[in-house]
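Residue strings, one per chain:
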Amino acid sequence: MKNFIKEFKEFIARGNVLDLAIGVIIGGAFGKIVSSLVDDIIMPLIGVITGGVDFTQKYIALDGNTYESLAKAKESTAVFAYGNFIQNIVNFLIIALVIFIIIKNVNKIQSLGKKEEEAAAPTTKECPYCKSEIPIEATRCPHCTSELK
């Protein structure tokens, strides 16, 4: 049992697990921010554009009756709340867009680092015969005139 606890502590202490935990926590907070953006800013604007439609109150009562609100309909019967579904799709699209932009920029930054590494590639090599430093494209050593392969 002590071995198990020791292994578990080592597993938790690894950087990847901590990074994942931090990512999940930040992701949860970011999800709340995006939900607020959609619920409080984007959907009301879409409502104004569509003539005052409140998507959160869009539903179909499955018993065929009409109710004053979604909450009252849910109390009485099963409902198909397609307005909430539309709102969740908008949430998802915004989160996906932000993640896409972040990943695209991270990849761009990483590719810049790779270009710098490639630029720092060696420009000289050592002659295998006289051990002099010569240009990497050389086919013949300028010091000992040996033919290089």
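What counts and what doesn't
- Residues numbered from 1 in each chain as written.
- Predicted model: local features only at pLDDT ≥ 70, side-chain atom pairs only at ≥ 80, totals over all residues.
- Heavy atoms only, no water.
- Helix = DSSP H or I, 4+ residues; strand = E, 2+ residues; numbered from the N terminus.
- Rg over C-alpha atoms; globule rule 2.2 N^0.38 Å.
- Buried < 20%, exposed > 50% of the residue type's maximum accessible area, 1.4 Å probe, protein only.
- Areas by Shrake-Rupley, 256 points an atom, 1.4 Å probe, with all protein chains shown as cover.
- Phe/Tyr/Trp six-rings, centres within 6.5 Å; stacked < 30°, edge-to-face > 60°.
- Core = buried A, V, L, I, M, F, W, Y, C linked by side-chain atoms within 4.5 Å.
- Domains from an automatic or database assignment.
- Contact = heavy atoms within 4.5 Å.
- UniProt positions renumbered as here; feature names shortened; annotations may be inferred.
- Salt bridge = Lys/Arg side-chain N within 4 Å of Asp/Glu carboxyl O.

### Side note on the overall build of the protein
Argument step 1. Broken down by element type, the protein carries four helices and four strands.
Argument step 2. Secondary structure elements of the protein occur, N-terminal to C-terminal, as α-α-β-α-β-α-β-β.
Argument step 3. Whereas a compact globule of 149 residues would reach a radius of gyration of roughly 15 Å, the protein reaches 31 Å, over 25% beyond that.
Argument step 4. Taken along the three principal axes of its C-alpha coordinates, the protein extends 100 × 55 × 25 Å.
Argument step 5. Evaluated residue by residue, the protein yields a buried proportion of 16% over its 149 residues.
Argument step 6. On the protein, roughly 11,800 Å² of surface is accessible, and the fraction owed to carbon and sulfur atoms is 64%.

### A word on the packing of aromatic side chains
Argument step 1. Tallied over the full model, the rule gives one aromatic pair.
Argument step 2. An angle of 35° between the planes, with centres 6.1 Å apart, marks the rings of F80 and Y82 as tilted.

### Remarks on the nonpolar core
Argument step 1. Among the nonpolar cores identified, the biggest contains six residues, and these are V34, V38, M43, F55, V90 and I94.
Argument step 2. At the level of elements, α2 (15-49) and α4 (82-119) are the ones that each hand at least two residues to this core.
Argument step 3. Of the residues forming this core, the biggest block, three residues, is contributed by α2.
Argument step 4. When residues of this core are assigned to domains, at least three map to each of domain 1 (1-49) and domain 2 (53-116).
Argument step 5. Here V34 is in contact with N91, I94 and I95, once residues within four sequence places are set aside.

### Notes on the UniProt feature "transmembrane region" (unreviewed entry) in the protein
Argument step 1. According to UniProt, the "transmembrane region" (unreviewed entry) feature falls on residues 12-34 and 85-103.
Argument step 2. Summarising residues 85-103: 100% helix, 0% strand, and an end-to-end C-alpha distance of 27 Å.

### As for the domain arrangement of the protein
Argument step 1. Once the domains are mapped, the protein shows domain 1 (1-49), domain 2 (53-116) and domain 3 (119-148).
Argument step 2. Of note, the centres of domain 2 and domain 3, computed from C-alpha atoms alone, are 62 Å apart.

### A look at the side chain of T77
Argument step 1. With respect to the element layout, T77 can be found in the loop between α3 (70-76) and β2 (79-80).
Argument step 2. Dropping the residues within four chain positions of it, T77 is found in contact with A61, L62, D63 and Y67.

### Observations regarding the pattern of salt bridges
Argument step 1. Using the criterion set out here, one finds two salt bridges in the structure.
Argument step 2. Across the pair E68 and K72 runs a salt bridge, and its minimum N-O distance is 2.9 Å.
Argument step 3. E147 serves as the salt-bridge partner of R140, at 3.4 Å between the closest nitrogen and oxygen.
Argument step 4. Note on R140: relative accessible area 47%, which makes it partly exposed.

### With respect to the side chain of Q87
Argument step 1. Within the secondary structure, Q87 is located in helix α4.
Argument step 2. The residues touching Q87, leaving out its near neighbours within four places in the chain, are V38, D39, M43 and T56.

### Remarks on unusual backbone geometry
Argument step 1. Phi angles above zero are rare outside glycine, and K131 is one such case at about 65°.
Argument step 2. With respect to the element layout, K131 can be found in the loop between β3 (124-126) and β4 (133-135).
Argument step 3. A positive phi angle, close to 60°, is found at T145, a residue other than glycine.

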